[in-house]
2 protein chains.
Amino acid sequence: MTNTVEVTELLLREAQQSLLETSIALDDLIPVCEDLDNAGYWSLECWGGTAFHSSLRFLNEDPWEKLRTYRKLLPKTRLQMLLRGQNVVAHRNFDDSIVGRFVEKAALNGIDVFRTYDALNDVRNLKAGVQAVKKAGKHAQGAICYNPSPTDTIASFVDLAQQIKELGSDSICVQDVDGLLKPQAAFDLVKGIKQKCGNDTVVSVHTHSTTGVTLVSLMKAIEAGCDIVDTAISALALGRGHNPTESLVAMLEGTGFESRLDVERLHRVKRHIAGVRPRYREFSDQPIAVEPETFRHQIPAALMLNMEYQLDGQSTPHLLDEVAEEIQNVRRDAGYPALAIPASEIIGTQAMFNVLHGKYSAITSEFADLMLGYYGTTAGKKDQGVLAKAANRQNKTAISCRPADLLEPSWETRRTEALAQGSNGSDEDALTLAMFPNAATRFFQTRTAGSRDTAKLAPEARGTIEPLKAARGEAVPAESRTYIVKVSGEEHSVTVRPAQ
Amino acid sequence: MTNTVEVTELLLREAQQSLLETSIALDDLIPVCEDLDNAGYWSLECWGGTAFHSSLRFLNEDPWEKLRTYRKLLPKTRLQMLLRGQNVVAHRNFDDSIVGRFVEKAALNGIDVFRTYDALNDVRNLKAGVQAVKKAGKHAQGAICYNPSPTDTIASFVDLAQQIKELGSDSICVQDVDGLLKPQAAFDLVKGIKQKCGNDTVVSVHTHSTTGVTLVSLMKAIEAGCDIVDTAISALALGRGHNPTESLVAMLEGTGFESRLDVERLHRVKRHIAGVRPRYREFSDQPIAVEPETFRHQIPAALMLNMEYQLDGQSTPHLLDEVAEEIQNVRRDAGYPALAIPASEIIGTQAMFNVLHGKYSAITSEFADLMLGYYGTTAGKKDQGVLAKAANRQNKTAISCRPADLLEPSWETRRTEALAQGSNGSDEDALTLAMFPNAATRFFQTRTAGSRDTAKLAPEARGTIEPLKAARGEAVPAESRTYIVKVSGEEHSVTVRPAQ
């Protein structure tokens, strides 16, 4: 047994998303790639999640080409992506033919480690992804969404870890997107997983620094046997982002644990990123702060910001506390899904509608589908009255099967469509179209113009939230209406009509 | 044995100094006093250190009156001050008659806990202060300045703690002003003090969040038996400030340790302070960041900022790395005093002179006095060549006695002077004059105008550093010259002349 603690660096993807709400231009990152590649990281997280859509929509940049570029610039270190299970890198379920093809192509283009999660912690939604990763000969990391609730306990998370391992996962990630993982819980959870799944089970912990306490949680996770932790270089850390990589290295000194990281290289990366960060100043809405109040409402910072923004847009900022409280009610009614994408946004929007228009008097189609099991099954029980309203609203019944089992294989159709829409004929383009049809179609037409310099984009084009037009009117229209709601840089369609 | 962890809140004094470089107006603090007083804190740090001079000089505010106001607003909780040993709240040694009278009056006006430190860790400089505190029937907390060096080890700090205890101190504080205290060192140091001084010795840990790692250090200190920790409410925390109070509370959950703090009251304090903080935005130079590079150069953030500012003022910002390195050389030559006030500023200025004018070709009188023992004795050995130059420059010999033993009692003289300068006849006014003769004389004349609203002050009047005029000229004048150098809001006189 070695006491080495491995580190996944988040600078190249999630740290940018959490703190800048945009992507740093590749030209600003190229100078640090050699140091990153030689610093001794276990992996460099650089792709997937919201970044796929952001590349396409705001930077006019082929996400696949970006991945290939990273692979060239970072030949030695594992590249890691965030895969949303059956949602891949979007907000809705895809059939297994799309999931499988996406993973195959991501592996071929350079991804070594696939972290796969499902906001409902429904392991059936991780299965196709994990199997495809194993088929591609890559590292499948299955993630638990850590979001405590009356039905989500250390014991239930440990059981979930066991199920994720049984899928064939090479490692288990405890994924805490809100900074809610307290030190003792981190210790107990990692210890529990090691005891249940075997001491040789590789455990990774991902957390955010939002609440100010999670570097301590990483220390406790490490004491319990955690193998890999996620951090971000200190020039792009803290706040709603992550714990600083260099602080982690200093934390371990003399404790009997150590990272393999080269502090001199980390220091050079920090200096460079600190130098370029001011170029992105106008993209960052929030000054770095610490928000221990997240423990009170347990709502992700990004969702709170979204709600604030939308309520401000309608001159009803005084309703924020009420909406925050209602988010917890709606989460309970829906059987306590984790407030991770896409469940976080579905629940947030429904909570706002409840406050503005009366409790479940307008139900979004996404929320109805969530209630009816079309995103998967939650661990908690659903409210039967709300379930009935949802069934009535969608005019369909609840399901308990794996939702993707209801979907027809669509790969060939998407491929044909992509060719018709002006793709370059690659499978990668067809997958891009499958993920984001509108953005992909636009991108195929503008691809030759080349990528935009993020720092020169107007703030309006930065890929953040827009006011929710639906909520502006006083009265809810009697007929159903569909709105395009852009959240964290991704558009999704929200259809509302009165529940009765 | 209870597992209660006590907390000292820094919001009312040091958190303001570390993050805003000014003082928050009393009117902005009054609304949180009831919650602070009832939240369950062990003490509220609210007076002393740089705040005394800042009140007087920038806010036209009687520091003694401010203390009495806090006492009225905060009747239940211990009020705490920072006493710089024989330097009291200024930058030079005072005789024991002044130290004794100051402590007596501070106790009468409301202080319960006196944290006393000396930058050289010369316990003889703590003696008069601790004795005066005991005589006043108050809590004497003796502090170790934690600043690692080849001569400062865990064992030597533990020995120092024992000496501080033997002075009659009621508790021992490990005071880390730069965030250099790593988790394992925190554990070993607290454990060592408990073993050497007895398990019932009350130990307090004060640290800054500069390097991003010190909340973990507080956890480890607590595991080793630390009784009291210092934190700041989350709306005025992190960066070069302190770890957030609410994060500490969350950190302890389920660990077998707990604070006595009322989270609802903390939340109300946070909301209010977050609301008023933007009024002071222009006083804060630095965005909140994390600076693990402090471990490399071990230089306090305030001193680095000072050096940056002064080098920028002379268009020599490229010399910063060289000055930073030279600070460590000068610190070594001076026998490794801690880089705490006033030694930090004396060493920083000398290092800059060395870089600009050649190594010890101009020696400040303060640095010469530091070398010659007029601030006390350091644990490390001094460089004999530099010592000789210092003796030559001052035309006096090195001493090894307690420096204050050389000073005549001056209390009666100061008292008479204060009356002549327009004081209100109180002993408090005489002490104010003793501390800062120029600022006090001005204040006595403008007192009736009332205090200024900090937030309305121009940034120039905020009490931060000014360019060092002495360093502007290319050539060093052959004759000695004296400059007023203002650092962290306090003026001190720096006299330079060529060493030969």
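Residues numbered from 1 in each chain as written. Chains lettered and ligands numbered in written order. Predicted model: local features only at pLDDT ≥ 70, side-chain atom pairs only at ≥ 80, totals over all residues.

### Some details on helix 3 (residues 51-58) of chain B
Residues and elements named next belong to chain B. To keep it simple, the criterion reads: Three classes are used. A residue is buried when 20 or more other C-beta atoms lie within 10 Å of its own, exposed when 12 or fewer do, and partly exposed in between, with C-beta atoms placed from the backbone. Per the convention used, a helix needs a DSSP run of H or I reaching at least four residues, while a strand needs a run of E reaching at least two, with both numbered from the N terminus.
Within helix 3, 8 of the 8 residues are buried, which leaves the element mostly enclosed by the surrounding structure. Taken as a whole, helix 3 has its buried residues at A51, F52, H53, S54, S55, L56, R57 and F58. A positive backbone phi angle near 50 degrees is found at N60, which sits one or two residues after helix 3.

### Some thoughts on the relation of the copies chain A and chain B
Worth spelling out the cut-off: Each copy is superposed on the other by least squares, with the fit set by C-alpha atoms of residues at a pLDDT of at least 70 in both. Two residues form a contact once the distance between their C-beta atoms, set from the backbone, is within 7 Å.
Overlaying chain A with chain B gives an RMSD of 0.0 Å, the required rotation being 180 degrees about an axis along which the chain moves by 0.0 Å. As the rotation angle and translation indicate, the two copies are arranged about a two-fold axis. Residue A:V216, judged by its C-alpha, is the member of chain A lying nearest the rotation axis, at 2.5 Å. Take the interface residues of chain A: 100% of them recur as interface residues in chain B, which is what a same-surface contact looks like.

### Quick look at the packing of helix 14 (residues 320-333) of chain B against helix 15 (residues 343-357) of chain B
Residue and element names in this part refer to chain B. Put simply, the rule reads: Fitted lines through C-alpha atoms serve as axes, helices being fitted only where they are in contact, and the angles separating the N-to-C directions of these axes extend from 0 to 180 degrees. These descriptions rest on fixed angle ranges, namely under 35 degrees for roughly parallel, over 145 for roughly antiparallel, 65 to 115 for roughly perpendicular, and the rest for oblique. Helix crossings fall into two classes, left-handed where the near helix is turned counterclockwise from the far one by less than a right angle and right-handed where it is turned clockwise. Lys, Arg, Asp and Glu make up the charged group, whereas Ala, Val, Leu, Ile, Met, Phe, Trp, Tyr, Cys and Pro make up the nonpolar group; the residues left over, Gly among them, are polar.
One way to put it is that helix 14 packs onto helix 15 with a least axis distance of 8 Å and a crossing angle of 120 degrees. Between helix 14 and helix 15, the crossing angle belongs to the class labelled oblique. Considering only the axes of helix 14 and helix 15, their crossing is right-handed. Contact with helix 14, carried on its side by E322, V323, E326, I327, V330 and R331, involves I347, G348, Q350, A351, M352, N354 and V355 of helix 15 and no other residues of that element. Looking at the contact of helix 14 with helix 15 residue by residue, the class counts come to 7 nonpolar, 3 polar and 3 charged.

### A look at the nonpolar core
Selection criterion: Connectivity within a nonpolar core runs through C-beta atoms within 7 Å, and the core itself is a set of buried Ala, Val, Leu, Ile, Met, Phe, Trp, Tyr and Cys residues.
Within the largest apolar cluster, 302 residues are counted, with the highest numbers of intra-cluster contacts made by A:I144, A:V229, B:I144 and B:V229. Setting aside chain neighbours within four positions, we find A:V229 in contact with A:V5, A:V7, A:V205, A:L218, A:A221, A:I222 and A:L248.

### Comments concerning the pairing of strand 1 (residues 4-9) of chain A
Consecutive residues of a regular strand have side chains that alternate between opposite faces of the sheet. Residue and element names in this part refer to chain A. Rules: Strands were regarded as paired on the criterion that DSSP finds at least two bridges between them.
Summarising the sheet, strand 1 and strand 9 (residues 258-259) pair through 2 bridges and their orientation is parallel. In the sheet register, T4 faces strand 9, and the bridge partner there is E258. By the bridge criterion, 2 bridges tie strand 1 to strand 2 (residues 43-48) in an arrangement that is parallel. Note on strand 2: the bridge partner recorded for T8 is S43.

### Here's the deal with the domain arrangement of chain A
Residues and elements named next belong to chain A. Convention followed: Residue ranges for the domains originate in an automatic or database domain assignment.
Partitioning chain A into domains gives domain 1 (4-283), domain 2 (299-403) and domain 3 (406-451). Put simply, the middle of domain 1 and the middle of domain 3, counted by C-alpha atoms, are 27 Å apart. Between domain 1 and domain 3, the contact holds 21 residues from the first and 19 residues from the second. It is helix 5 (residues 96-109) that contributes the most residues to the side of domain 1 that touches domain 3, 5 residues altogether. A per-class count over the side of domain 1 that touches domain 3 returns 11 nonpolar, 4 polar and 6 charged.

### Thoughts on the interface of chain A and chain B
Many structure descriptions define interface size as the accessible area lost when the parts assemble. With 28 residues of chain A at the interface, the matching set in chain B holds 28 residues. Elements with a contribution of two residues or more to the side of chain A that touches chain B: helix 8 (183-197), helix 9 (214-223) and helix 10 (245-252) of chain A. At 4 residues, helix 10 of chain A tops the list of elements feeding residues into the side of chain A that touches chain B. Partitioned by chemical class, the residues of the side of chain A that touches chain B number 16 nonpolar, 8 polar and 4 charged.

### So, unusual backbone geometry
Backbone torsion omega between A:I341 and A:P342 reads 5 degrees, so that peptide bond is classified as cis. Mapped onto the elements of the fold, A:P342 is located in the loop between helix 14 (320-333) and helix 15 (343-357). With a phi close to 55 degrees, B:V88 is a non-glycine residue in the positive phi region. The phi torsion at B:Q298 lies on the positive side, around 55 degrees, for a residue other than glycine. Position of B:Q298 relative to the elements: it lies in the loop between helix 12 (294-297) and helix 13 (301-313).

### Concerning the packing of helix 3 of chain B against helix 20 (residues 437-446) of chain B
Residues and elements named next belong to chain B. Between helix 3 and helix 20, whose axes approach to 9 Å, the crossing angle comes to 45 degrees. By the criterion of interaxial angle, the relationship of helix 3 to helix 20 is oblique. Considering only the axes of helix 3 and helix 20, their crossing is left-handed. From helix 3, H53, L56 and R57 reach across to helix 20, where they touch A439, A440 and F443. By residue class, the composition of the contact of helix 3 with helix 20 is 4 nonpolar, 1 polar and 1 charged.

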